[in-house]
Amino acid sequence: MTNPWLWGGLAALFGIGSATLRDFEHAAARELASKLEGDHKEVHLRVDYPGLLSPALGEVGTATIQAKRFRCEGLPLFTEPNRSKKGSIKLLCLDLSDFVLRDLRCERFTASIPDCRFDFALAASKRQIRLSRSGSGPGRVEIMVRDLAPFILKKYREIQRVEVSADGNWVRVSGHGRFLVFDADFDVKAKVTTNGNQLLLSDCIVRIDGKEPDEESTNALVNTLNPVIDFAKDLDLYDAVNAKSVSVANDRIVVEGTVKIPNLPSN
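Throughout, residues of each chain are indexed from 1 in the direction in which the sequence is written. In view of the model being predicted, local features appear only for residues whose pLDDT reaches at least 70, and side-chain atom pairs are presented and counted only at 80 or more, with totals across whole chains, interfaces and linings using the full set of residues. Only heavy atoms go into the side-chain values, all of them from the structure, while hydrogens and water stay out.

**Student:** In this structure, what is going on with the pattern of salt bridges? I would like to understand it.
**Tutor:** Pairing is possible between side chains that carry opposite charge, provided their charged atoms lie close to one another. Here, a salt bridge means any Lys or Arg side-chain nitrogen found within 4 Å of an Asp or Glu carboxyl oxygen. Enumeration according to the criterion identifies 24 salt bridges in this entry. Residues Arg-252 and Glu-142 are paired through a salt bridge, measuring 2.6 Å at the closest nitrogen-oxygen approach. One end of the pair, Arg-252, is in strand E13 (residues 252-259); the other, Glu-142, is in strand E6 (residues 137-144), with 110 residues separating them in the sequence. Throughout, exposure labels follow a simple rule: accessible area from a 1.4 Å probe, protein chains only, divided by the maximum for the residue type, with under 20% read as buried, over 50% as exposed, and the rest as partly exposed. Using a relative accessible area of 13% as the deciding quantity, one classes Glu-142 as buried. One salt bridge connects Asp-239 with Lys-260, and the closest N-O pair in it is separated by 3.0 Å. One end of the pair, Asp-239, is in the loop between helix H7 (231-235) and strand E12 (241-249); the other, Lys-260, is in the segment after E13, and 21 residues separate them in sequence. Under the relative-accessibility criterion, Asp-239 is labelled partly exposed at 46%. Judged by its relative accessible area of 30%, Lys-260 is partly exposed. Through salt bridges with shared partners, a single network forms among Glu-31, Glu-80, Arg-83, Asp-119 and Arg-130. Each helix is a run of DSSP H or I of at least 4 residues and each strand a run of E of at least 2, with the numbering of both proceeding from the N terminus.

What follows is the structure, encoded as structure tokens:
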């Protein structure tokens, strides 16, 4: 099979070959898209090279993966450490929007991950991207506050009805639930914080059936709701995300931290 990377490196000397490299990008994007669900999904891959012969050497400057309107049950991209590390990506950029991960809709996710490696021979022969090493870089995820409600309903069987709204830089979680110590309407005003691996409700102001509850009832409700999101257990993100900060503004929750592509699980 013709090696599009080698052809691109040689052809670049003569100012041609861009069509061949675009063909590679389209083929690799289709392969990535096959791992995602959604009738209206869109996936694009764009590769830039630092030098004329970089394609022939497997040296990528920036690889950008853009995808939108899709759903997946877990991460669609992993590293496989046993694969060849001959290919290098100086910066892997992810730009994902309007997607559902497990039961959580995300407005947008972006990340810039440096110092990645990939199986160059596989990319050249089969036009498939398989990462063999990932660096760690800044990432940001935006979740609309309202999209927490259907996620909470599916996660917690104790809750029969729930609405989530922004209240300044706090969130308000209101609904009805059947818990060990009560069956009642509830209203919780709280800040959203993180311990790195989870999103939590903190500094909670709780009302049950319109009244300030006793400590036992307050703890039962707050402990049921926390963690609101566990990145590994709820979203199958493994150790991909290490959250550093959370803010609430303009009806959305913004989480910022560091991101890497985790190793492919063995089982």
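There is more to say, and it comes next.
**Student:** In this structure, what is going on with the nonpolar core? I would like to understand it.
**Tutor:** Across soluble globular proteins, nonpolar side chains have a tendency to be buried as a group. To qualify as a nonpolar core, a set must consist of buried Ala, Val, Leu, Ile, Met, Phe, Trp, Tyr and Cys residues joined through side-chain atoms within 4.5 Å. Leu-92 and Ile-229 are the most contacted members of the largest nonpolar core, which has 73 residues in total. Take this core: its biggest share by element is seven residues, from strand E4 (residues 104-118). By the convention used here, residues are in contact when the closest approach between their heavy atoms is within 4.5 Å. If we skip the residues at most four places from it in the chain, Leu-92 touches Ala-63, Ile-65, Leu-77, Ala-111, Ser-112, Ile-113, Cys-116, Leu-131 and Ile-261.

**Student:** In this structure, what is going on with the packing of aromatic side chains? I would like to understand it.
**Tutor:** The way to describe two aromatic rings as a pair is by their centre distance and the angle between their planes. Centres within 6.5 Å are what make two rings of Phe, Tyr or Trp a pair, Trp counting through its six-membered ring; a difference in plane orientation under 30 degrees is then read as stacked, over 60 as edge-to-face, and the rest as tilted. Considering all chains together, one arrives at three aromatic pairs under this definition. The interplanar angle of 5° and the centroid separation of 5.0 Å between the aromatic rings of Phe-70 and Phe-99 together place this pair among those described as stacked. Pair noted here: Phe-70 is in strand E2 (residues 59-72) and Phe-99 is in strand E3 (residues 87-101), with a separation of 29 residues, a long-range link. The pair formed by Phe-70 and Phe-99 is uniform in burial state, with each residue classed as buried. Ring centres 6.5 Å apart and planes at 85° place the aromatic pair Phe-118 and Phe-120 in the edge-to-face group.

**Student:** I'm lost on the sheet that holds strand E7 (residues 159-167) in this one. Help?
**Tutor:** Two pairing modes exist for strands in a sheet, parallel and antiparallel, and in both the strands are linked by backbone hydrogen bonds. Should DSSP find at least two bridges between two strands, the strands are taken to pair. In space, the five strands of this open sheet follow the order E7-E8-E9-E10-E11, with antiparallel pairing throughout. Sheet topology places E7 and strand E11 (229-230) at the edges, where each strand pairs with a single neighbour. Strand direction decides the pairing type here: strand E10 (residues 198-208) and E11, joined by two bridges, are antiparallel. Of the residues in E11, the one forming a bridge with Gln-198 is Asp-230. Most of the contacts of helix H5 (residues 148-155) go to E7, to which it runs at about 150°, and overall it touches E7 and E11. In this description, a line fitted to the C-alpha atoms serves as the axis of each element, helices being fitted only across the stretch in contact, and the angle between N-to-C directions of two axes falls anywhere from 0 to 180 degrees.

**Student:** I would appreciate a short explanation of the side chain of Ser-217 in the present structure.
**Tutor:** Mapped onto the elements of the fold, Ser-217 is located in helix H6 (residues 215-225). Sequence-distant contacts of Ser-217, that is, excluding residues within four places in its chain, are made with Val-181, Phe-182 and Ile-208.

**Student:** Sorry if this is basic, but what is going on with H5 here?
**Tutor:** Residue pairs three or four apart in sequence face the same way in an α-helix, which turns once every 3.6 residues. For H5, every residue scored as buried is listed here: Leu-148, Ala-149, Phe-151 and Ile-152. For H5, the angular spread of buried residues about the axis comes to 165°, placing them on one side. Tucked into the core, H5 has its buried residues touching E4, E6, E7, E11, H7 and E13. Think of the arc as the fan of directions from the helix axis to the C-beta atoms.

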